[in-house]
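Chain by chain, the residues:
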Amino acid sequence: METKIKGIDGIEEGARIIKEGGIVAFATETVYGLGADAFNEKAVAKIFEAKGRPQDNPLIVHIAGIEDAQRAAELTDTAVKLFKAFSPGPLTLVLKKKKELPYAVTAGLDTVGIRMPRHYAARALIQKSQTLIAAPSANSSTRISPTTALHVYEDMRGKIPLIIDGGDCAVGIESTVLDLTGNTPQILRPGAVTIEMLLKYLPEVKNFQGEIKTAPSPGMKYKHYAPIVDCVLSRTALSALKEYKRARAEGKKAVIMGRKGYISDKSVDFIDLGQTSEQIARNLYRKMREAEKIYNLIIIEEFSRKDLEYSIMNRLIKSSQGVII
Ligand code: TXA
Ligand code: MG
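All figures in this text were calculated on a predicted structure; none of them were measured in a lab. (Residues numbered from 1 in each chain as written. Chains lettered and ligands numbered in written order. Predicted model: local features only at pLDDT ≥ 70, side-chain atom pairs only at ≥ 80, totals over all residues. Heavy atoms only, no water.)

J.: Is there a simple way to explain the overall build of the protein in this structure?
T.: Broken down by element type, the protein carries 11 helices and 15 strands. A compact globule built from 325 residues would reach a C-alpha radius of gyration of about 20 Å, and the protein, at 20 Å, matches this within 12%. The dimensions of the protein, computed from C-alpha atoms along their principal axes, are 60 × 50 × 30 Å. Counting the 325 residues in the protein, one finds 59% classified as buried. When contacts within the protein are restricted to residue pairs at least 6 apart in sequence, long-range pairs at least 24 apart make up 66% of them. Carbon and sulfur atoms provide 50% of the accessible area of the protein, an area that totals close to 14,000 Å². Looking at the protein, you have 47 positive and 38 negative side-chain charges, and the mean spots of the two groups are 1 Å apart. (Helix = DSSP H or I, 4+ residues; strand = E, 2+ residues; numbered from the N terminus. Rg over C-alpha atoms; globule rule 2.2 N^0.38 Å. Buried < 20%, exposed > 50% of the residue type's maximum accessible area, 1.4 Å probe, protein only. Contact = heavy atoms within 4.5 Å. Areas by Shrake-Rupley, 256 points an atom, 1.4 Å probe, with all protein chains shown as cover. Lys, Arg positive; Asp, Glu negative; His and termini not counted. Charge placed at Lys NZ, Arg CZ, Asp CG, Glu CD.)

Shown next, in the form of structure tokens:
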């Protein structure tokens, strides 16, 4: 199959493919998604096949307006309040599913993740398809999520007919997944909508802290956000440099990645991730994909555990399998 990349002029064609039961990759503000008609089980199955995704990992249902949510989920007052506060944007709410939504989307769960993306391409595609779009990130399973159309092409070439290129993703990491089906709202995956932000609207929110084996969000137990080369986190610039020199002495091609100015020694290969945490989130996956093509050891600065940096660290701990030097 030939995989075409089109700009927003490809949205009409994308909508037609979705209506006919096919799959299409499209830009969102977080990462690129790989979408299918959420009410067409056969179409949804194609997503799992193209990604090589484990069957027990549910998909997020993308909507264009709050009214759409009721087609797939039971909307609660809290859900409406949070959608009004943060949507369209990088927040996915886990709610009770409606029976009309096939279990193929939720991997057999009675709950469903609902998200209203902000990016024009995603919104127009949903509206023109006249359905809701089930979509995971458009990477091959276990690979880093794509934040450019070219990343999607690297992973999905020959497997999907169309990629709708909406430019570089503004947020750069996946949406916050908040489970509203328990007694206390629980963040299953931290993202750009942070616990600090949610606490302005909810009396209580907890971060999921537990054994990944029995994770309430099936996706959490898989190796995610991983570059194909070794990756470690560094507590200080000094420990990063020490590891860099040790690896180089062994003949390894090492690189250090961090906030602007983390390493000032010009003789060291250093990848600047940006100054603010928003910039770091936006650049992270693209820089990781670039680095893994050139280097075989990536040493990344350990960031704080506050606000957006908490979400960045959530990804980096998985990338490094928790190795901090
Ligand atoms: O930003 C995003 O959320 C992107 C864009 C494309 O919207 N999508 C995305 O999808 O990251 P995916 O499939 O790569 O990650 C969805 C995560 C998985 O960890 C999955 O297990 C979890 O959300 N999830 C989905 N439905 C769930 C449910 N009903 N209960 C618990 N976790 C759920
Ligand atoms: Mg994913």
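J.: Just checking my understanding: could you explain helix H4 (residues 77-86) for this structure?
T.: What sets the pattern is the α-helix's 3.6 residues per turn: residues three or four places apart point alike. When we look at burial in H4, the residues that qualify are Ala79, Leu82, Phe83 and Phe86. Along H4, the residues classed as buried sweep out an arc of 100 degrees about the axis, all on the same side. Of the exposed residues in H4, those oriented more than 90 degrees away from the buried face are Asp77 and Lys84. Elements that come into contact with the buried residues of H4 comprise helix H3 (66-69), strand S5 (91-96), strand S6 (111-115), strand S9 (176-179) and helix H8 (195-198). (Arc of directions from axis to C-beta.)

J.: What should I look at first to understand the sheet that holds S5 in this one?
T.: Through backbone hydrogen bonds, the strands of a sheet pair up, either in parallel or in antiparallel fashion. Taken together, 11 strands build an open sheet; the order of strands is S1-S8-S2-S3-S7-S4-S6-S5-S9-S10-S11 and the sheet is mixed. At either margin of the open sheet sits one strand with a lone partner, and together these are strand S1 (4-6) and strand S11 (206-207). Where strand S10 (residues 186-189) and S11 come together, two bridges link them in parallel fashion. Considered in S11, the bridge of Ile187 is made with Asn207. Sheet strands in contact with H4 are S5, S6 and S9, and its direction is about 165 degrees off that of S5. (Pairing = 2+ DSSP bridges. Axes fitted to C-alpha atoms, helices over the stretch in contact; angles between N-to-C directions.)

J.: What should I look at first to understand the domain arrangement of the protein in this one?
T.: Bring the parts together and some accessible area is lost; that lost area is often taken as the interface size. Domain boundaries assigned for the protein yield domain 1 (4-207) and domain 2 (230-319). A separation of 29 Å is found between the C-alpha centroids of domain 1 and domain 2. The interface is formed by 26 residues belonging to domain 1 together with 16 residues belonging to domain 2. Each partner contributes to the roughly 1,700 Å² buried at the junction of domain 1 and domain 2, and carbon and sulfur atoms together form 51% of this total. Per-residue buried area on domain 1 facing domain 2 is highest for Ile144, Ile173 and Pro190; these three make up 35% of the total on that side. Run the count over domain 1 and domain 2 and you get five salt bridges. (Domains from an automatic or database assignment. Buried area = accessible area lost by both parts, 1.4 Å probe. Salt bridge = Lys/Arg side-chain N within 4 Å of Asp/Glu carboxyl O.)

J.: What should I look at first to understand the sheet that holds strand S14 (residues 270-272) in this one?
T.: Strand order in the open sheet formed by four strands is S12-S15-S13-S14, with parallel pairing between adjacent strands. Both outer strands of the open sheet, strand S12 (230-234) and S14, are each paired with one neighbouring strand and no more. With direction set aside, neighbouring strand axes in the sheet form an average angle of 25 degrees. The pairing of strand S13 (residues 254-258) with strand S15 (residues 297-301) spans four bridges and is parallel. Paired with Ile256 across the strands is Ile299, a residue of S15. Running over the sheet, helix H9 (residues 237-249) touches S12, S13 and S15 and is turned about 160 degrees from S13. Sitting on the sheet, helix H11 (residues 307-319) touches S12 and S15, and the angle it makes with S12 is about 130 degrees.

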